[in-house]
Amino acid sequence: MKTIAFPLALGLIVVAPALAAPHEGNAFIHDYDADHDGKVTQAEFDAGRTARYKATDTNGDGWVSEAEYVAEYSTRLEEQLKSFDRGEEKKIEERQRQIRQTHVRFGVLDKDKDGKMSKAEYDASGARAFAEQDADKDGAITSADASANAARRAAELAKRGD
């Protein structure tokens, strides 16, 4: 069982980032590496997050509603789904699953449960994501961090499969 569990877990990790929010390894680097040097600094990440928050707040009222949050993610999701090759039925299921999860994520991020995601609530989530991705804690995310995190997640999945 151990022989099957590790490759299966590794396979899931390799496939999953294709449809994840950009908080997974190379997708994270792709989305936030503004100067294309192969790493994401805290400054690049913060600037990217600020721009995304402003773009998500489509009515410019200074906070993000659940509808705005889901709409922004839906746009990115549709781009990701263009390369989805497991059939139309599976694509529909994946879209529905991801959108359900987006509603859940909004509820988690809206810490004070007022139906409005403040910039501070959004930034707290970003700080956690950056810290999680920075495996070597040097203040920048690189492909080495992405690889280390993928290996760690694979090991955790394999361990659960025992």
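About the cut-offs
- Residues numbered from 1 in each chain as written.
- Predicted model: local features only at pLDDT ≥ 70, side-chain atom pairs only at ≥ 80, totals over all residues.
- Heavy atoms only, no water.
- Helix = DSSP H or I, 4+ residues; strand = E, 2+ residues; numbered from the N terminus.
- Buried < 20%, exposed > 50% of the residue type's maximum accessible area, 1.4 Å probe, protein only.
- Contact = heavy atoms within 4.5 Å.
- Salt bridge = Lys/Arg side-chain N within 4 Å of Asp/Glu carboxyl O.
- Arc of directions from axis to C-beta.
- Axes fitted to C-alpha atoms, helices over the stretch in contact; angles between N-to-C directions.
- Left-handed = near helix turned anticlockwise from the far one by under 90°.
- Nonpolar A, V, L, I, M, F, W, Y, C, P; charged D, E, K, R; others polar.
- Lys, Arg positive; Asp, Glu negative; His and termini not counted.
- Polar contact = N/O pair within 3.5 Å; in protein donor to acceptor, adjacent residues only side chain to side chain.

Asker: Please explain the overall build of the chain as it appears in this structure.
Answerer: Counting its secondary structure elements, the chain contains 7 helices and 4 strands. Across the chain, helices and strands are ordered from the amino to the carboxyl terminus as α-α-β-α-β-α-α-β-α-β-α. Within the span of the chain, comprising 162 residues, buried residues form 36% of the whole. Look at the contacts in the chain between residues 6 or more apart in sequence, and 57% of them connect residues 24 or more apart.

Asker: What should I look at first to understand the pattern of salt bridges in this one?
Answerer: Pairing between side chains becomes possible if they bear opposite charge and their charged atoms approach one another. Overall, the coordinates contain 9 salt bridges when judged by the stated rule. Residue Glu72 pairs with Arg52 through a salt bridge whose shortest N-O separation is 3.7 Å. In this pair, Glu72 sits in helix α4 (residues 66-81) while Arg52 sits in helix α3 (residues 42-56), placing the two residues 20 residues apart along the sequence. The burial state of Glu72 is the same as that of Arg52; both residues are buried. Here Lys90 makes a salt bridge to Glu93, at a shortest N to O gap of 3.8 Å. Taken together, the positions of Lys90 and Glu93, both in helix α5 (residues 88-109) and 3 residues apart, correspond to about one turn of that helix. On the basis of relative accessible area, Lys90 is assigned to the partly exposed category, the value being 39%.

Asker: Mind showing me how you'd approach the environment of Ser118 here?
Answerer: Here Ser118 shows up in the loop between β3 (116-117) and α6 (119-133). In this structure Ser118 comes out as partly exposed when scored by relative accessible area, which is 27%. Along the primary structure Ser118 and Ser65 are separated by 53 residues, whereas in three dimensions their C-alpha atoms are 9.1 Å apart.

Asker: So what exactly am I meant to see when it comes to helix α2 (residues 25-32) here?
Answerer: Residue pairs three or four apart in sequence face the same way in an α-helix, which turns once every 3.6 residues. Taken together, the buried positions of α2 are occupied by Gly25, Phe28, Ile29 and Tyr32. One face of α2 carries all of its buried residues, which in axial projection span an arc of 95°. Away from its buried face by more than 90 degrees, α2 exposes Asn26 and His30. Contact partners of the buried residues in α2: β1 (39-41), α3, α6, β4 (140-142) and α7 (143-160).

Asker: Quick question: what am I supposed to make of the packing of α4 against α5 here?
Answerer: Angle between the axes and distance between the axes are the two parameters that describe a pair of packed helices. Relative orientation of the contacting elements α4 and α5 amounts to 145°, with a least axis distance of 10 Å. Between α4 and α5 lies a crossing of right-handed hand. Along the contact surface, α4 presents Glu66, Tyr69, Val70, Tyr73, Ser74, Leu77, Glu78 and Leu81, while α5 presents Lys91, Glu94, Arg95, Gln98, Ile99, Thr102, His103, Arg105, Phe106 and Leu109. Class assignment of the residues belonging to the contact of α4 with α5 gives a composition of 8 nonpolar, 4 polar and 6 charged.

Asker: Can you help me understand the side chain of Asp33 in this one?
Answerer: Relative to the helices and strands, Asp33 is located in the loop between α2 and β1. Of the side chains bearing the opposite charge, Lys39 lies closest to the buried Asp33, which forms no salt bridge; the N-O distance is 8.6 Å. Within the local environment of Asp33, its side chain forms a polar contact with the backbone nitrogen of His36, the two atoms lying 3.1 Å apart. Once you skip the residues sitting within four places of it in the chain, Asp33 turns out to touch Gly38, Lys39, Val40 and Glu44.

Asker: What is the right way to read the side chain of Ser65 from this model?
Answerer: Inspection of the secondary structure assignment puts Ser65 in strand β2 (residues 64-65). Ser65 gets classed as buried once you look at its relative accessible area, which sits at 16%. Once you skip the residues sitting within four places of it in the chain, Ser65 turns out to touch Phe106 and Gly115.

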